[in-house]
Amino acid sequence: MTPFGTIELTVYPYECDAFGHLNQAALLTLLERARWDALARGPGMDLFDRNGVWPAVRKATIEYRAAAFARDVLRVETTLVGRGTTSMTLRHVVRRVSDDAVVADAEMVFVCIDRVGRATPIPDEIARFLGPRASGGHEPIRVPAGDVELAVDVRGEGLPVLFVHGFPFDRTVWRHQLATLSRVRRIAPDFRGVGDSGAPPGADGYSLTRYADDLVAVLEAVGVRQAVLCGLSMGGYVIFELLRRHPERVKGLILADTKPEPDSTEAKRGREELTQVAQRDGQDAVIERLLPRLLAAATQATQPEVAGQVREMAHRWSVPGLVGALRTLRDRPDSTDTLRDVRVPTLVLVGSEDQIAPPDTARAMAQLIPGAQCHVVPAAGHLAPLEQPLATSRVVADFLRAIP
Ligand code: MLT
């Protein structure tokens, strides 16, 4: 059990009923006060607000064990007794200070919701405050892949779906889909050089071939022969390489905010400039350069915490990882012909305001692949799965359900 806080509160006369006892509803209000005071003394009362989420009570169980009276001082001990991806359970033990009698014992389940009321994974800052998970943690497994070990999030049972992140993000770009697509087996690695994966020190440790073979090593390690491959942007480019090298591994495709064309001469120059920024100023400077083009206007206006998540993901890249990825992006081949040969169910997804792989590019890509569906996610930029998680997950879930 993780301590959340111990607070002493006085029972006021107006909180008592006609018989002079602390009223049962007033006790609930005291528990609420105890939680707010614990936040005020710890990470700040705006902990939830500043992370763009809110804890909504889902269930409250209270045992009233002894009466309390006006002027009694009550000590409320609060502990975290359980934590899921989107929920947490707190236990409050209320004791009268004068005689240590237990007045009440309560258990409250909270679900973390976003501004429009959707259940959402507990943000990292709040998770750190809550401490290690009491149950249901998702520690990544370690998978050897040639010269490195990769960190891989593996959850659930069912149709295997391999989620491949883009640049410069990590596996948590799929956090909402990993949390909610509970009918499939979700497998999400960090690329080499990123997050919890190992980082070869030199740029020659990184290439499209290595990234694609790493994905196959991940599938091997978790005992999966064929999977639906779901890639965001650079994740898509790596999947194109995997299609060329290991087509037998692919049961279906989800291509999100990606494109088959190689870099233009101007784009290649941009990669070289960004490489210098990475080497000179580090990963935080790289993401500040990229951020203005990544998110939809609506995301920037209404979900400022998403930009924070993007910065956190970029911060987890090593500099060699960035340099190696930028070279790989610059030198990637044209994958148009690769897509013409695809014969598996395919979903193309794109944010309506994606500036990097815009909707017209996505529609043209879908037309290359026989039978591919194309879906435009409204009010999203280049990171549809993070900016509009509910809409994205619904389309992905419908597509996956139709795969035999
Ligand atoms: C990504 O999201 O992976 C990048 O935008 C890919 C790119 O820069 O081409």
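What counts and what doesn't
- Residues numbered from 1 in each chain as written.
- Predicted model: local features only at pLDDT ≥ 70, side-chain atom pairs only at ≥ 80, totals over all residues.
- Heavy atoms only, no water.
- Helix = DSSP H or I, 4+ residues; strand = E, 2+ residues; numbered from the N terminus.
- Buried < 20%, exposed > 50% of the residue type's maximum accessible area, 1.4 Å probe, protein only.
- Contact = heavy atoms within 4.5 Å.
- Areas by Shrake-Rupley, 256 points an atom, 1.4 Å probe, with all protein chains shown as cover.
- Polar contact = N/O pair within 3.5 Å; in protein donor to acceptor, adjacent residues only side chain to side chain.

K.L.:
Just to check I follow, could you spell out the overall build of the protein chain for this structure?
P.N.:
A tally of helices and strands in the protein chain yields 15 helices and 13 strands. Dimensions along the principal axes, computed over C-alpha positions, put the protein chain at roughly 80 × 50 × 40 Å. Counting all 404 residues of the protein chain, 53% fall into the buried class. Long-range contacts, defined here as pairs at least 24 residues apart, represent 73% of the contacts in the protein chain between residues at least 6 apart. Element-wise, carbon and sulfur atoms account for 51% of the exposed surface of the protein chain, whose accessible area totals about 17400 Å².

K.L.:
What exactly am I supposed to notice about the environment of Leu347 here?
P.N.:
On the secondary structure map, Leu347 appears in strand 12 (residues 346-351). Taking the C-alpha atoms as reference, Leu347 lies 22 Å from Tyr211; in sequence the two are 136 residues apart. If we skip the residues at most four places from it in the chain, Leu347 touches Leu253, Ile254, Leu255, Gln373, His375, Val395, Val396 and Phe399.

K.L.:
Got a minute to help me understand the side chain of Arg155 in this structure?
P.N.:
Tracing the chain through its elements places Arg155 in strand 7 (residues 148-155). A distance of 3.1 Å separates the side chain of Arg155 from the side chain of Asp153, its partner in a polar contact.

K.L.:
What am I meant to see in the side chain of Ser318 here?
P.N.:
Mapped onto the secondary structure, Ser318 falls in the loop between helix 10 (304-315) and helix 11 (319-331). A polar contact of 3.0 Å, which involves the side chain of Ser318, links it to the backbone nitrogen of Gly321. Contacts of Ser318, omitting those with residues within four sequence positions, involve Gly193, Ala199, Tyr206 and Gln283.

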